[in-house]
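Architecture at a glance
Listed below are the residues making up each chain.
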Number of protein chains: 2
Amino acid sequence: MESKPRTSRRSEQMGDLIEERIVTGVYPPGMRLDETELASGFGVSRTPIREALIQLSSAGLVEIRPRRGAIVAEIGPHRLCEMFEVMAELEAMCGRLAARRITEPDQQVLAAAHQACEDAREANDPDTYYRLNERFHHLIYAASHNGFLEEQAAALHRRLRPYRRLQLRVRDRMSTSFAEHAGIVEAILAQDGELAAERLRAHVVVQGQRFADLVASLPMLGGLGRGQAKPVSKA
Amino acid sequence: MESKPRTSRRSEQMGDLIEERIVTGVYPPGMRLDETELASGFGVSRTPIREALIQLSSAGLVEIRPRRGAIVAEIGPHRLCEMFEVMAELEAMCGRLAARRITEPDQQVLAAAHQACEDAREANDPDTYYRLNERFHHLIYAASHNGFLEEQAAALHRRLRPYRRLQLRVRDRMSTSFAEHAGIVEAILAQDGELAAERLRAHVVVQGQRFADLVASLPMLGGLGRGQAKPVSKA
DNA sequence: GTATATTTTATTGTATACAATTTATTACTC
DNA sequence: GAGTAATAAATTGTATACAATAAAATATAC
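Quantities reported herein were computed from a predicted structural model and do not represent experimental measurements.

Here's the deal with the nonpolar core
- Counting residues in hydrophobic clusters, the biggest one holds 74 residues, and the most contacted among them are C94(A), A98(A), I188(A), C94(B), A98(B) and I188(B).
- Setting aside residues up to four positions removed in sequence, I188(A) forms contacts with G95(A), A98(A), A99(A), I102(A), L110(A) and A196(A).
- Counting residues in hydrophobic clusters, the runner-up holds 33 residues, among them L33(A), I49(A), I18(B) and I54(B).

Some details on the interface of chain B and chain A
- Contact residues are listed per partner, giving 22 residues for chain B and 22 residues for chain A.
- Per-element tally for the side of chain B that touches chain A: the top contributor is helix α4 (residues 77-101) of chain B, with seven residues.
- Partitioning the side of chain B that touches chain A into residue classes produces eight nonpolar, seven polar and seven charged.

Some words on the domain arrangement of chain A
- In terms of domain boundaries, chain A breaks down into domain 1 (10-73) and domain 2 (77-219).
- A C-alpha centroid distance of 29 Å is found between domain 1 of chain A and domain 2 of chain A.

Quick look at the protein's contact with DNA strand D
- Taken together, 17 residues are adjacent to DNA strand D, and G69(A), R10(B), V44(B), S45(B) and T47(B) come closest.
- When contributions to the surface near DNA strand D are tallied by element, the ones reaching two or more residues are α2 (35-42) of chain A together with α1 (10-23) and α3 (46-59) of chain B.
- At three residues, the largest contribution of residues to the surface near DNA strand D is made by α3(B).
- Residues belonging to the surface near DNA strand D are distributed by class as follows: three nonpolar, six polar and eight charged.

Notes on the pairing of strand β2 (residues 62-65) of chain B
All names here are of chain B.
- Covered by surrounding structure in β2 are V62 and I64 only, the residues E63 and R65 on the alternate face being uncovered.
- Sheet topology note: the β2/strand β3 (residues 69-72) ladder contains four bridges and is antiparallel. Counterpart to E63 in the pairing with β3 is I71.
- Hairpin connection, β2 to β3: the antiparallel pair is bridged by three residues, and R67 has positive phi, about 65°.

Section: the sheet that holds strand β1 (residues 32-33) of chain B
- Across the sheet, which stays open at both edges, the three strands sit in the order β1-β3-β2 (chain B) with antiparallel pairing between neighbours. Bordering the open sheet on either side are β1 and β2 of chain B, each of which pairs with just one other strand.

Some thoughts on the pairing of β3(B)
Residue and element names in this part refer to chain B.
- Of the two faces of β3, only the one carrying A70 and V72 is buried; G69 and I71 on the other face are not.
- Pairing analysis gives two bridges linking β1 to β3, with the strands arranged antiparallel. Note on β3: the bridge partner recorded for R32 is I71.

Remarks on the relation of the copies chain B and chain A
- Its rotation angle being 180°, the transformation that places chain B on chain A also includes 0.1 Å of axial translation and leaves an RMSD of 0.2 Å. Taken together, these values place the two copies in the relation of a two-fold axis.
- A symmetric contact is evident, with 100% of the interface residues of chain B recurring at the interface of chain A.

Quick word on the environment of V44(A)
Residue and element names in this part refer to chain A.
- Topologically, V44 is positioned in the loop between α2 and α3 (46-59).
- Considered as a pair, V44 and R10 are 34 residues apart in the sequence and their alpha carbons are 8.4 Å apart.
- Not counting residues up to four positions away in its chain, the partners in contact with V44 are R10, M14, A39 and I49.

A few points about the sheet that holds strand β1 (residues 32-33) of chain A
All names here are of chain A.
- Sheet architecture is open: three strands sit in the order β1-β3-β2, paired in antiparallel fashion. Only two strands of the sheet have a single partner each, and these edge strands are β1 and β2 (62-65).
- Most of the contacts of α3 go to β2, to which it runs at about 110°, and overall it touches β1, β2 and β3 (69-72).

Reading the values: rules and limits
- Residues numbered from 1 in each chain as written.
- Chains lettered and ligands numbered in written order.
- Predicted model: local features only at pLDDT ≥ 70, side-chain atom pairs only at ≥ 80, totals over all residues.
- Core = buried A, V, L, I, M, F, W, Y, C linked by C-beta atoms within 7 Å.
- Buried ≥ 20, exposed ≤ 12 C-beta atoms within 10 Å, placed from the backbone.
- Contact = placed C-beta atoms within 7 Å.
- Helix = DSSP H or I, 4+ residues; strand = E, 2+ residues; numbered from the N terminus.
- Nonpolar A, V, L, I, M, F, W, Y, C, P; charged D, E, K, R; others polar.
- Domains from an automatic or database assignment.
- Near = placed C-beta within 6 Å.
- Pairing = 2+ DSSP bridges.
- Least-squares fit on C-alpha atoms with pLDDT ≥ 70 in both.
- Axes fitted to C-alpha atoms, helices over the stretch in contact; angles between N-to-C directions.

See below:
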């Protein structure tokens, strides 16, 4: 059968498009999002654009200032560290619950996903590793058998994606990441919740730390402080 | 000066109004939210209503089914337990961080808020206690000195409000709650993060458990299972 | 009389028109 | 010429009009 879009709502499609461009950096933090401009750019009216922006605002990706338009949310280093701190705890919680609740077949799936990561590491393929890493973490979220937690963790993970992505370029990050994964899998399969939690927390915190180092060095992110945005030309 | 609304956006006002009616049960779970009806009811056009509904949908309070309208989100007992489980962990995290990071003046404020709770308990005033209890918890969120965590915790707390509110009617809940608070304050002031986390987790989990008992007994919530909603007449 | 197909109705989704407010530009005063 | 006031332009917020789809009702076949 032909794949028909499961939603006929243009506003959702617009939301996905804009979100994509935000997380990939096409629309950088602080950029003004002109409704009329976006509308004509996407070939729709302002209505779906507005609805998409409101949704993205709720998700924290854009900031709507009353009567003053929307801008891509600027997440400063400080806020970002806060978010990583929470992410670490959510991951830890997922791990703790997963260790207690993971089912037999899910154990197999997790082990297989881990194995796949190893293959990507040996092939020295960061993009594939990145993708498989995402899958690995999502499997742990799901293994917590708490659907709400799974959603929350996935949402925050997604939101931190652009910042995490940078790190895999860092030297040896793949190997250390994989080594940490091994410890995590071990703890979960041994059904040691506290150990799994601890290791996942450390895994993410390290990411956050690594990020903090990165943010200090990169000029692109260095100017991304708490303060007001430098205006970005729209064309 | 006269208090002028800080936002001129009708959609936000509508959102607050609708949210208020949802969390207070005026609009019960499963109820259809007819855009036209709401619009005429509030004396505005459909546009602000739609925008409000989209926002509430992002917050998880309403569910928008494409081309089929919006309904008040139905949170079944199962999902609710999941949410309480996450809430417990967020509170625990706030407590752990608060114990490590709370400032001198904030210690005073927290102690005072706790004292105020005691007064309400002695006066046997559940409504006041409820309000002061909210304040107490929010102070702990803030004391974590993680603004993002504070927001997340507050948002989930708010979302669970209608369900938590029921419990204070339960016999002796005020006293046990207060006793638990005392232990939490003690742990935080002693800067024992793990103890504070543990006690806060238990505090919330108990609420969740209590809720589970409640949900099993109340017919109003008993029919609120995972499945499809019974339609609720709109007038 | 029941089940299916067709028409009707109602409601959502989108586009456009208008109103209100903010920002930019210009004019004016000192 | 700099600073402020008034005006003009641009952009957001709201209302309404129209289009598309789903639910309801009716009609028809068996």
